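Breakdown of the fold
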Amino acid sequence: MEKGSVTRRYRFAAAHRLHTPHLSDEENKTVFGKCNNPNGHGHNYALLVTVRGDINPSTGLVTEIPELDRIVTETVVARFDHQDLNHDPAFSQRTTTGENLVLLIWDLLVNRIPSGRLQKIGLIETRDNYFEYSGEVMEKRSV
Ligand code: NI
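Residues numbered from 1 in each chain as written. Predicted model: local features only at pLDDT ≥ 70, side-chain atom pairs only at ≥ 80, totals over all residues. Heavy atoms only, no water.

In this structure the tally under the stated criterion is three aromatic pairs. Where Phe12 meets Tyr45, the ring centres are 5.0 Å apart and the plane angle is 25°; that geometry is what we call stacked. With Phe12 in strand β1 (residues 3–16) and Tyr45 in strand β2 (residues 41–54), this pair connects stretches of sequence that are 33 residues apart. Their ring planes at 85° and their centres at 5.4 Å tell us that Trp106 and Tyr133 sit as a pair that is edge-to-face. (Phe/Tyr/Trp six-rings, centres within 6.5 Å; stacked < 30°, edge-to-face > 60°. Helix = DSSP H or I, 4+ residues; strand = E, 2+ residues; numbered from the N terminus.)

Now for the coordination of the nickel ion. Distances from the nickel ion to its protein donors, namely His16 (NE2), His41 (NE2) and His43 (NE2), fall within the range 2.0 to 2.1 Å. All donors to the nickel ion come from one chain, and their sequence spacing reads H-x24-H-x1-H. (Donors = N, O, S within 2.8 Å, 3.2 Å for Na, K, Ca; no water.)

Our next topic: the pairing of strand β5 (residues 129–133). Bridge analysis of strand β4 (residues 117–126) against β5 gives five bridges, and the strand direction is antiparallel. If you follow Gly122 over to β5, its bridge partner there is Glu132. Between β4 and β5, which pair antiparallel one after the other, the connecting turn spans two residues. (Pairing = 2+ DSSP bridges.)

A word on the sheet that holds strand β3 (residues 83–84). The strand order across the open sheet built from five strands is β3-β1-β2-β4-β5, with neighbouring strands paired in mixed fashion. Strands with a single pairing partner mark the edges of an open sheet, and in this sheet they are β3 and β5. Each of β1, β2 and β3 touches helix α2 (residues 65–80); the most contacted strand, β1, lies at about 20° to it. (Contact = heavy atoms within 4.5 Å. Axes fitted to C-alpha atoms, helices over the stretch in contact; angles between N-to-C directions.)

Here we come to the side chain of His43. Note on placement: His43 falls in strand β2. Only 3.2 Å separates the side chain of His43 from the side chain of His16, close enough to count as a polar contact. What His43 contacts, discounting residues up to four positions off in sequence, is Phe12, Ala13, Ala14, His16, Glu125 and Thr126. (Polar contact = N/O pair within 3.5 Å; in protein donor to acceptor, adjacent residues only side chain to side chain.)

With that out of the way, let us pick up the packing of α2 against helix α3 (residues 98–109). Axis separation between α2 and α3 bottoms out at 10 Å; the angle between their running directions is 145°. For the pair α2 and α3, the sense of crossing is right-handed. Here Ile71, Val72, Thr75, Val76, Arg79 and Phe80 of α2 come into contact with α3, specifically with Leu101, Leu104, Ile105, Leu108 and Leu109. When the residues that make up the contact of α2 with α3 are grouped by side-chain class, the tally is nine nonpolar, one polar and one charged. (Left-handed = near helix turned anticlockwise from the far one by under 90°. Nonpolar A, V, L, I, M, F, W, Y, C, P; charged D, E, K, R; others polar.)

Secondary-structure assignment places Asn39 in the loop between α1 (25–32) and β2. For the pair formed by Asn39 and Ile71, sequence separation is 32 residues and the distance between their alpha carbons is 32 Å.

Here we take up the nonpolar core. Residues Leu47 and Val49 are the most contacted members of the largest nonpolar core, which totals 31 residues. When residues of this core are traced back to their parent elements, those giving at least two are β1, β2, α2, α3, β4 and β5. In terms of residue count, the dominant contributor to this core is α3 (eight residues). Other than its neighbours up to four places away in sequence, Leu47 contacts Arg8, Arg9, Tyr10, Phe12, Val72, Val76, Ile105, Ile121, Gly122 and Leu123. (Core = buried A, V, L, I, M, F, W, Y, C linked by side-chain atoms within 4.5 Å. Buried < 20%, exposed > 50% of the residue type's maximum accessible area, 1.4 Å probe, protein only.)

Below, the structure is given as structure tokens:
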């Protein structure tokens, strides 16, 4: 069967502050710059979810988009939209960087794709910041 991929775009707005207790206040400022500002700041995130799989010969589709939309909205968008990411339990031991966000979102979605398989999570944080993850590390992380 022919393979194809489809990418859906979702949006959520969230606040965060980049800060780790493993570094001194001065080191945090050096590493994270203005993202370490104690008052936090917000982003309008764009989330790109790519699913790859067989193109169903009857429908011409790789996956059921309405079902994918429902799952991503319930699992990711509803969880993060208009929230402070630093208060999410998944980030109690990790910083709320884009790198860590795409890992978490991958884990939240990887076993819930209606058909086909999750190929990539992309996250646009700002005009100049983009993060992605394609499941390179296969061992299970706790989320
Ligand atoms: Ni930020």
